[in-house]
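# Structure at a glance
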Amino acid sequence: MQKGYYRQPSVFKDQIIFISEDDIWKVSLQGGKAERLTSNLNVLSYPHFSPDGKTIAFIGKEEGNEEVYTMPAEGGPIKRLTYVSLFRSNISGWSKDGNQIYFSGSFQEPFYKNFTLSQINKDGGLPEKLNLGHGKHISYGSRNRCVIGRNTLGVERWKRYRGGTSGVLWIDKNGKGIFTEWEGVNGNYANPMWIGERIYFISDHEGIANIYSIKPNGSDLTPHTFHNEFFCKEATTDGKTIVYSNGADIYSLHINSGESSIIPIQYYSPKVQLQRKFVDAASYLQGYDIHPKGHSLTINSRGKSFEITNWEKQVHHFPSKDGIRQRLIRYFNSGDQFLMITDEGGKEQIEIHNKKTNKINVLKNLHFGRANEIKISPNDKFVALVNHKAEIILIDLIKGKLNIIAKSAELFIPGFNWSKDSNWICFANKNANHTGNISVYSLKTKKVNIITENTFLDHSPSFSSCGNYIYFLSNRIFNPVYDTIYFDLNFPKSTKPFCVVLNKEAKNPFLPQPLTPGDEDVDESLFWDHKTKSKKIHQVKIDFEGITQRVIAMPIEEGIYEDLKVTDHFILTLSRPIKGALSNDFYSDAIPADGTLKMWDINLAKESIISSDISHFKISSNSETLIYASGKKLRVHALFPNLSLKNEMHSNRKTGWIDLSSIKISVNPAKEWEQIFNEMWRMQKEHFWVENMSKVNWNKVYKRYRPLVDRLGSRAELSVISWEMQGELGTSHAYEIGGIIKKVLNIIWAYWAVILNMILNQKDIK
């Protein structure tokens, strides 16, 4: 029999409502066939029956942020009651006369995490604050007695939590408005409910969260449920029965009999959100690389990989399976092979794809953890990989063996690169005191040498083509700026490009070279389609004696420089503007398109701006071809002196913008959610702060939660499982954020946008 994922139940006599597939369903308290009441455009949550059972109040996001809505209990149109633009909220219940709906949120609060209790009339109007201080839940007993739950978000998200924001109960046992905090037991509480002469609630003080009750004076703590796998959560009551969710099921607890039992739901749904769909590659762009000759590029989008010629729109889809994620795809310098990271087999592995033979070579038994970045040596024989442990790993592609060559003191390697002769790797170390150095590793001697002092934070190193220099960025410019509010000095811009002169014969690369008049003119042969001749590979020679003293600053202004790359003729830098902290979007992983790409001409010793609105950029390995991302858009262009790109948005060879609209990605949501779940579990295993996982049997946790994934009907439900599974670790701030949550509303707005555009662009519409 088909099963769904059931949560957030509410009960009225012999009927319950619950959330599944982000909509409201109704079923008999004894079980049976469930009836779908809504088919909404966005996620609905926290439904509550009114005291007479005729109306359902719930939180909806139909028109933006969370608001309070109502609908008839038998089904019908929904009605919006509040217009307060809540970020997080929940329905806490109804007044006994059924005229007021209690809800929690940040209404009239300065910060969105300030949860207070408010009420709204069932017919609408202006909300009123209850003036009871902070609170998430409220329940009234007879004689106006009351219990408030503060910080009672849910114990399943942060199991065994005992910190300052754990749930507490405040009780007004006499109905006079005088509340006392229940000292209780050493636990985390949720969902207080005043029923008769007892207060019921969820507590995890015995390990697994179950339902307990106490007398109004706080005595006689009594357990009522005895679950030993999943936590009880989201309990509500009509005064006679408590309903709650546990795992993916809903249970009832009858007050009089004390009997707790699962509600057998017959669930029939087309599960529309599980149907296969096709999405635009540009909307989910996750990575890219440029062909060594610059005429094609690979992109990684929604976990799948493609190669596309720049403007001819010839697309090659790399072999892939639903439920397997591909990422970090890289061209070999020969241009005929590709390397990528996949998670087939339950752990990350390296795959080498040969475009000519269509063969795939999997490098097995290489335990490198989770790859953060990977770069192929110019001779295509080795790979340098940085993992989640801040280790630099050298992988021999011929022998299929790896060797850890260095590890950063902090869990971050801020940049690494190969020398053109494939004999050296330069990389940045970061120390615990926020300083760092640039070091080099020799493949011949297998030794690491530090080449800059451990005094400043040095990062983003790159070898010059001639082999005489390593260019890098360093936070070492102390030019203080006065604060405009406080009498204070700050250093918002402290970064500048530098270089290390590797041998004593090399000269200062930032000095202008003597040029015959006319030599500074642009060479038209350097445009994008120029076929460069084979270049001589210069052997790197390093004189380590006194090398830390051979550091030279590029003669430009300091700034907030983020990246640096070097070609035969140019040094390219990416810098960011100064931004206020309020502009940071904590909930987005998108790289902002606010960078400025600059070019330093090595021959002319001058700087110019290529373009702004940059997110990230790369340079092809065998030709001076630039590719950069601006948000989800890609642009390819030849590098030549005084290059300056205009903000033309047409996709063609002249402007350089790449049209990715020809790439459509097939998405199987069920397989994708399974992959997300597996990767999330694996990432916790790889990244957790102690090796023994805080003595939690993480493999056992996987086996417990994995079957729930097969019951999912929406991406939002996967988030619920994610929070609860990570909560098993009982550790600080293990979050799950984002995801493609149901937002069909965007389609409707897009439709009306098209209609509006037609109206504005046509004089007469008949």
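The following refers to the structure shown. Owing to the predicted nature of the structure, the values given are computational and were not obtained by experimental measurement.

Now for the overall build of the chain. Across its full length, the chain holds four helices and 57 strands. Projected onto its principal axes, the C-alpha coordinates of the chain cover approximately 95 × 70 × 60 Å. The burial tally for the chain puts 53% of its 766 residues in the buried class. Across the chain, every contact between residues at least 6 apart in sequence was considered, and the portion connecting residues at least 24 apart equals 48%. Of the accessible surface of the chain, which amounts to about 36500 Å², a share of 51% is contributed by carbon and sulfur atoms.

A few words now on the sheet that holds strand 15 (residues 146-150). What the four strands build is an open sheet, ordered 14-15-16-17; its pairing is antiparallel. With partners counted over all chains shown, the strands left at the sheet margins are strand 14 (137-140) and strand 17 (180-181), one partner each. Bridge count for strand 14 against strand 15 is four bridges, and the pairing is antiparallel. Paired with S139 across the two strands is V147, which belongs to strand 15.

In this section: the environment of K233. Checked against the element boundaries, K233 lands in strand 22 (residues 232-237). A residue is classified by how much of its surface remains accessible, and K233, at 2% relative accessible area, is buried. In this structure the C-alpha to C-alpha distance between K233 and S245, which are 12 residues apart in sequence, comes to 5.5 Å. Once residues within four sequence positions are removed from consideration, K233 is found in contact with Y5, E156, N191, I202, Y244, S245, G247, V720 and E724. Engagement of the side chain of K233 in a polar contact is seen with the side chain of Y5, the distance being 3.5 Å.

Our next topic: helix 3 (residues 715-727). A rise of 1.5 Å per residue sets the reference length of helix 3, with its 13 residues, at 18 Å; its end C-alpha atoms lie 19 Å apart and thus fit the reference within 8%. Extensive coverage of helix 3 is indicated by the burial of 13 of its 13 residues.

With that out of the way, let us pick up the sheet that holds strand 10 (residues 90-94). Spatial strand order, 10-11-12-13: four strands in an open sheet with antiparallel pairing. On the outer flanks of this sheet lie strand 10 and strand 13 (128-134), each paired with one strand and no other. Direction aside, neighbouring strands of the sheet carry axes that sit 25° apart on average. As judged from the six bridges shared by strand 11 (residues 100-105) and strand 12 (residues 116-121), these two strands associate in the antiparallel manner. Bridging from a neighbouring strand, F103 pairs with S118 of strand 12.

Moving on: the packing of helix 2 (residues 698-709) against helix 3. Look at helix 2 against helix 3: their axes get within 10 Å of each other, and the N-to-C directions meet at 165°. As judged from the angle between their axes, helix 2 and helix 3 are roughly antiparallel. Crossing of helix 2 against helix 3: the hand is right-handed. For the pair formed by helix 2 and helix 3, the contact residues are W698, V701, Y705, L708 and V709 on the first element and I721, E724, M725 and Q726 on the second. The residue inventory of the contact of helix 2 with helix 3, partitioned by class, reads seven nonpolar, one polar and one charged.

What follows is about the nonpolar core. The biggest cluster of nonpolar side chains holds 21 residues, and the ones touching the most others in it are F677, W698, Y705 and M725. Elements represented by at least two residues in this core include exactly helix 1 (669-687), helix 2 and helix 3. Here this core gets five residues from one element, more than from any other, and that element is helix 2. Leaving out residues up to four positions away in the same chain, M725 has contacts with F677, M680, W681, W698, V701 and Y705.

A separate point is the packing of aromatic side chains. By the definition in use, this model includes 30 aromatic pairs. For the ring pair W723 and Y735, a centre distance of 5.6 Å and an interplane angle of 35° mean the geometry is tilted. Of this pair, W723 sits in helix 3 while Y735 sits in the loop between helix 3 and helix 4 (745-761), and the two are 12 residues apart along the sequence. For W723, a relative accessible area of 15% corresponds to the buried category. In this structure Y735 comes out as partly exposed when scored by relative accessible area, which is 38%. Here the aromatic cluster, defined as three or more aromatic residues joined through ring pairs, consists of Y6, F18, W25 and Y267. The ring of F617 has K565 lying over it, and the distance from NZ or CZ to the ring centre is 4.6 Å. Across from the ring centre of W657, 5.3 Å away, lies the NZ or CZ of K633, which sits over that ring.

Our focus in this paragraph is the side chain of S408. Mapped onto the fold, S408 is located in the loop between strand 39 (401-407) and strand 40 (416-418). On the basis of relative accessibility, which here comes to 3%, the residue S408 falls in the buried class. A polar atom in the side chain of S408 sits 3.0 Å from the backbone oxygen of F412. Within the structure, the side chain of S408 is placed 3.0 Å from the backbone oxygen of K430, a separation counted as a polar contact. Dropping the residues within four chain positions of it, S408 is found in contact with A390, I413, N429 and K430.

Let's shift gears to helix 2. Since the α-helix advances by 3.6 residues per turn, residues separated by three or four positions end up pointing in the same direction. With 12 residues, helix 2 ought to run about 16 Å at 1.5 Å a step, and its terminal C-alpha atoms sit 17 Å apart, in line with that. Within helix 2, burial applies to W698, V701, R704, Y705, R706, L708 and V709. Looking at the buried side of helix 2, the elements it contacts are helix 1 and helix 3.

It is worth spelling out the pattern of salt bridges at this point. Evaluation of the coordinates by the stated rule reveals 39 salt bridges. Where K304 meets D322, a salt bridge forms, and the shortest distance between an N and an O atom there is 3.0 Å. With K304 in strand 30 (residues 304-309) and D322 in the loop between strand 31 (315-317) and strand 32 (326-331), the pair connects residues that are 18 residues apart, well separated along the chain. Look at K304 and you get buried, because its relative accessible area is 9%. Where E344 meets K321, a salt bridge forms, and the shortest distance between an N and an O atom there is 2.7 Å. Residue E344 is located in the loop between strand 33 (337-342) and strand 34 (349-354), and its partner K321 is located in the loop between strand 31 and strand 32; the two are separated by 23 residues in the primary sequence. For E344, a relative accessible area of 27% translates into the label partly exposed. One salt-bridge network, in which partners are shared between bridges, spans R325, R327, E348, R370 and E679.

Parameters at a glance
Residues numbered from 1 in each chain as written. Predicted model: local features only at pLDDT ≥ 70, side-chain atom pairs only at ≥ 80, totals over all residues. Heavy atoms only, no water. Helix = DSSP H or I, 4+ residues; strand = E, 2+ residues; numbered from the N terminus. Buried < 20%, exposed > 50% of the residue type's maximum accessible area, 1.4 Å probe, protein only. Contact = heavy atoms within 4.5 Å. Areas by Shrake-Rupley, 256 points an atom, 1.4 Å probe, with all protein chains shown as cover. Pairing = 2+ DSSP bridges. Polar contact = N/O pair within 3.5 Å; in protein donor to acceptor, adjacent residues only side chain to side chain. Expected span 1.5 Å × (residues − 1). Axes fitted to C-alpha atoms, helices over the stretch in contact; angles between N-to-C directions. Parallel < 35°, antiparallel > 145°, perpendicular 65-115°, else oblique. Left-handed = near helix turned anticlockwise from the far one by under 90°. Nonpolar A, V, L, I, M, F, W, Y, C, P; charged D, E, K, R; others polar. Core = buried A, V, L, I, M, F, W, Y, C linked by side-chain atoms within 4.5 Å. Phe/Tyr/Trp six-rings, centres within 6.5 Å; stacked < 30°, edge-to-face > 60°. Lys NZ or Arg CZ within 6 Å of the ring centre and 35° of its normal. Salt bridge = Lys/Arg side-chain N within 4 Å of Asp/Glu carboxyl O.

These figures capture arrangement, not role.
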